[in-house]
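Examining the three-dimensional arrangement
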Amino acid sequence: MKIVIPGGTGQVGGILNRTLTAAGHEVVVLTRRPTQDSELRWDGRTLGPWAETIDGSDVVINLAGRSVSCRYTEQNLRVMMDSRVDSARVVGEAIAAARRPPQVWLQMSTATIYAHRFDAPHDEATGVIGGGEPDVPRYWDFSVEIAKNWEREQQRAQTPRTRKVALRSAMVMSPDRGGVFDYLLWLARLGLGGPVAGGDQYMSWIHDHDFVRATTFLIDRNDITGPINLAAPAPLPQRAFMHALRKAWGAPVGLPTTKWMAEIGAFVLRSDTELLLKSRRVVPGRLLETGFTFDHTHWPQAADELVRRVRHERRRT
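Right, let's walk through the structure included here. (Residues numbered from 1 in each chain as written. Predicted model: local features only at pLDDT ≥ 70, side-chain atom pairs only at ≥ 80, totals over all residues. Heavy atoms only, no water.)

**A closer look at the environment of Gly199**
Topologically, Gly199 is positioned in the loop between α5 (180-189) and β8 (202-203). A residue is classified by how much of its surface remains accessible, and Gly199, at 0% relative accessible area, is buried. Aside from chain neighbours lying at most four places away, what touches Gly199 is Pro237, Gln238 and Arg239. (Helix = DSSP H or I, 4+ residues; strand = E, 2+ residues; numbered from the N terminus. Buried < 20%, exposed > 50% of the residue type's maximum accessible area, 1.4 Å probe, protein only. Contact = heavy atoms within 4.5 Å.)

This is the structure in structure tokens:
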């Protein structure tokens, strides 16, 4: 297959590119700064020569959007919104204009679309879309609006010959440098991987191998459209999540962090506490209903496997 990945130079794009290329597929990445023959330049906002590679492709997986690992200033939130909405709009325009459009368009979304919640998990059928929850910062609502507008732009696209799926992804855990697992493991190794603000908030996650497997499953299943939760079936509280990660690495201490301490740490790291404090209790209802089986269902075993890969890679280098 010919697979086009707009915004495919980040962590998730790298995971998909490596695996799909190794499986024999032709992968073309759209990026603002191409450095390889398999990459084409685009600006994520306007049609250009890059659109020709969409015409005749089999699959488009749009991952484009400014990283959420930043301070949630008004300017950064606006760039996060615009980069996602604009890229989804222009991908839709390219597909609509294609003589031979792709069979399927997988559009990245996020599990952050769901409400901050402790009492019950969110699946696609019964999950509560976020916004206006009591006792949370109001700027968290903007993150939900970003996700809603992201998905809405795909829904609006006039692409009747192309199946559309929105990937409401949890955090993808891989041993790659600079990814979320790398950051969390760094905290655990420093002895800082304890509960944050009590640690009751849920963390949803998906192992990188299962993320790729679920993606290829969705490509092959012509009967699946609309939002799909990409998350392992067993989200767990942040306290338990970090305890399992410390155990996998062999880190004996995980100092607890208060909310105000987390605010200081996030400021120093130029990130935001929403990534740590929002309770994301998301489960893969539709994936399980349609017959997908996870290789990595529970976090302690997944953490063990990821740590082994990290140590193996470090021994090689």
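**Concerning the packing of α5 against helix α11 (residues 299-316)**
To describe two helices that pack against each other, one gives the angle between their axes and the distance between the axes. The N-to-C vectors of α5 and α11 enclose an angle of 90°; their axes lie 12 Å apart at closest approach. Here α5 lies roughly perpendicular to α11, going by the angle between them. Residues Phe181, Asp182, Leu185 and Arg189 of α5 lie in contact with α11, whose contacting residues are Trp299, Leu306, Val307, Val310 and Arg314. For the contact of α5 with α11, the class distribution of residues is six nonpolar, no polar and three charged. (Axes fitted to C-alpha atoms, helices over the stretch in contact; angles between N-to-C directions. Parallel < 35°, antiparallel > 145°, perpendicular 65-115°, else oblique. Nonpolar A, V, L, I, M, F, W, Y, C, P; charged D, E, K, R; others polar.)

**Here's the deal with the nonpolar core**
Core analysis: the largest hydrophobic core is formed by 32 residues, its most contacted members being Leu16, Ile61, Leu106, Phe211, Leu218, Leu230 and Leu287. Going through the elements one at a time, β1 (2-6), α1 (11-22), β2 (26-31), β4 (59-62), β5 (104-108), β6 (163-169), α6 (208-220) and β10 (226-230) are the ones with two or more residues in this core. With six residues, α6 is the single largest residue contributor to this core. Beyond its immediate chain neighbours, meaning those up to four positions away, Leu218 contacts Leu106, Arg163, Val165, Leu167, Ile224, Ile228, Leu230 and Leu287. One finds Trp205, Ala232, Phe241 and Leu306 within the second-largest nonpolar core, a separate group that totals 22 residues. (Core = buried A, V, L, I, M, F, W, Y, C linked by side-chain atoms within 4.5 Å.)

**Description of the packing of aromatic side chains**
In this structure the tally under the stated criterion is seven aromatic pairs. Ring centres 5.2 Å apart and planes at 80° place the aromatic pair Trp42 and Trp50 in the edge-to-face group. Residue classification places Trp42 among the buried positions, given a relative accessible area of 4%. Here Trp50 falls in the buried class, since its relative accessible area comes to 3%. Across from the ring centre of Tyr202, 4.3 Å away, lies the NZ or CZ of Arg281, which sits over that ring. Of note, Arg311 hangs over the ring of Trp249, and the distance from its end group to the ring centre comes to 4.0 Å. (Phe/Tyr/Trp six-rings, centres within 6.5 Å; stacked < 30°, edge-to-face > 60°. Lys NZ or Arg CZ within 6 Å of the ring centre and 35° of its normal.)

**Observations concerning a nonpolar patch on the surface**
A contiguous nonpolar patch, built from Tyr183, Trp186, Leu190, Leu192, Val253 and Leu255 and spanning about 530 Å² of accessible area, is present on the exposed surface. Within the secondary structure, Tyr183 is located in helix α5. Residue classification places Tyr183 among the partly exposed positions, given a relative accessible area of 30%. (Patch = residues over 30% accessible without salt bridge, like charges linked within 9 Å, V, L, I, M, F, W, Y side chains within 5 Å. Areas by Shrake-Rupley, 256 points an atom, 1.4 Å probe, with all protein chains shown as cover. Salt bridge = Lys/Arg side-chain N within 4 Å of Asp/Glu carboxyl O.)

**Comments concerning the side chain of Ser57**
With respect to the secondary-structure elements, Ser57 resides in the loop between α2 (51-54) and β4. Accessibility expressed as a relative area gives 4% for Ser57, which makes it buried. Polar side-chain contacts of Ser57 include one of 2.7 Å to the backbone oxygen of Ile54. Among all residues touching Ser57, those that are not within four sequence positions of it are Lys2, Val4, Arg100, Pro101, Pro102 and Gln103. (Polar contact = N/O pair within 3.5 Å; in protein donor to acceptor, adjacent residues only side chain to side chain.)

Shape descriptors only; they carry no functional weight alone.
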